[in-house]
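Reading the structure
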Amino acid sequence: MTALVDIELELITRATVRFPDAVVRDELDNNLLAELPTIQFEQIPGGGDDGLKLSRPIVEVNVYAATRADAIALAKDVHDWLTRELRGTASDTAVIGRTGCLSLPAIRPYENTAVRKVGATFEIFCHPVS
């Protein structure tokens, strides 16, 4: 049976170090306006595994910022981090192999006009450290 990685926790832990000026989380709360910019990682249904060790979670990444330009710029930085810097790395808990972007960063609607949202979808091939 595949040993699954808590990919949300793994990405939150790593992104908190990589993006120190942003709040990094898995769930939003009512204090979002006071915590901009925010990067949200959320594993969504889909993906798969090889039945042995390697899994391929699908992760939705949403970036929230006060302006459209700030949201787009941070989303681009997160995209580059996930697709270039993160692949081939390891932590104490997980090894990240190939990563890929399934849906490029794009403006997404958000009900509060004081916040701009940019979202993208990624696949991350990973396995726990043995």
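Anyway, here's the lowdown on the structure attached to this text. (Residues numbered from 1 in each chain as written. Predicted model: local features only at pLDDT ≥ 70, side-chain atom pairs only at ≥ 80, totals over all residues. Heavy atoms only, no water.)

One pass over the structure, following the stated rule, counts 3 aromatic pairs. Seen in terms of ring centroids, tyrosine 64 and tyrosine 110 are 5.3 Å apart; in terms of plane orientation they differ by 70 degrees. Their pairing is edge-to-face. You can see tyrosine 64 sitting in strand β3 (residues 55-65) and its partner tyrosine 110 sitting in the loop between β5 (94-108) and β6 (116-128), a full 46 residues away along the chain. Take tyrosine 110: its relative accessible area is 24%, and that puts it in the partly exposed class. Through a chain of ring-to-ring contacts, the aromatic side chains of Phe19, Phe41 and Trp81 assemble into a single cluster. (Phe/Tyr/Trp six-rings, centres within 6.5 Å; stacked < 30°, edge-to-face > 60°. Helix = DSSP H or I, 4+ residues; strand = E, 2+ residues; numbered from the N terminus. Buried < 20%, exposed > 50% of the residue type's maximum accessible area, 1.4 Å probe, protein only.)

Now for the pairing of strand β2 (residues 38-49). Bridge count between strand β1 (residues 23-25) and β2: 3 bridges; the pairing is parallel. Looking at the pairing, valine 23 lines up with threonine 38 of β2. Pairing of β2 with β3, which is carried by 9 bridges, proceeds in the antiparallel orientation. The residue of β3 that forms the bridge with phenylalanine 41 is valine 61. In textbook terms, the turn of a hairpin is the stretch between consecutive antiparallel strands, and for β2 and β3 this stretch comprises 5 residues, one of which, glycine 51, has a positive phi near 80 degrees. (Pairing = 2+ DSSP bridges.)

Moving on to the nonpolar core. Nonpolar side chains in soluble globular proteins tend to end up buried together. Core analysis: the largest hydrophobic core is formed by 28 residues, its most contacted members being Leu11, Ile39, Phe41 and Leu82. For this core, the leading source of residues is helix α2 (residues 68-85), giving 6 residues. If near-sequence neighbours (up to four positions away) are discounted, phenylalanine 41 is found in contact with Glu8, Leu11, Ile12, Ala15, Val24, Arg25, Asp26, Val59, Glu60, Val61, Trp81 and Leu82. (Core = buried A, V, L, I, M, F, W, Y, C linked by side-chain atoms within 4.5 Å. Contact = heavy atoms within 4.5 Å.)

This part is about the pattern of salt bridges. Per the stated rule, a full pass over the model turns up 9 salt bridges. The salt bridge involving arginine 25 is made with aspartate 29; its shortest N-O contact spans 3.0 Å. Connected via shared salt-bridge partners are Arg25, Asp29 and Glu35. (Salt bridge = Lys/Arg side-chain N within 4 Å of Asp/Glu carboxyl O.)

Moving on, we come to the sheet that holds β5. The strand order across the open sheet formed by 6 strands is β1-β2-β3-β6-β5-β4, and the pairing between neighbours is mixed. Sheet topology places β1 and β4 (89-90) at the edges, where each strand pairs with a single neighbour. Helix α1 (residues 7-18) rests against β1, β2, β3, β4, β5 and β6 of the sheet, and its axis sits at about 145 degrees to β2. Contacts from α2 reach β2, β3, β4, β5 and β6 within the one sheet, and its direction differs from that of β5 by about 155 degrees. (Axes fitted to C-alpha atoms, helices over the stretch in contact; angles between N-to-C directions.)

Another aspect to go through is the state of the cysteines. One pass over the full model with this rule turns up 0 disulfides. Left without a disulfide partner, cysteine 101 is nearest to the cysteine sulfur of cysteine 126, which lies 17 Å away. (Disulfide = S-S within 2.5 Å.)

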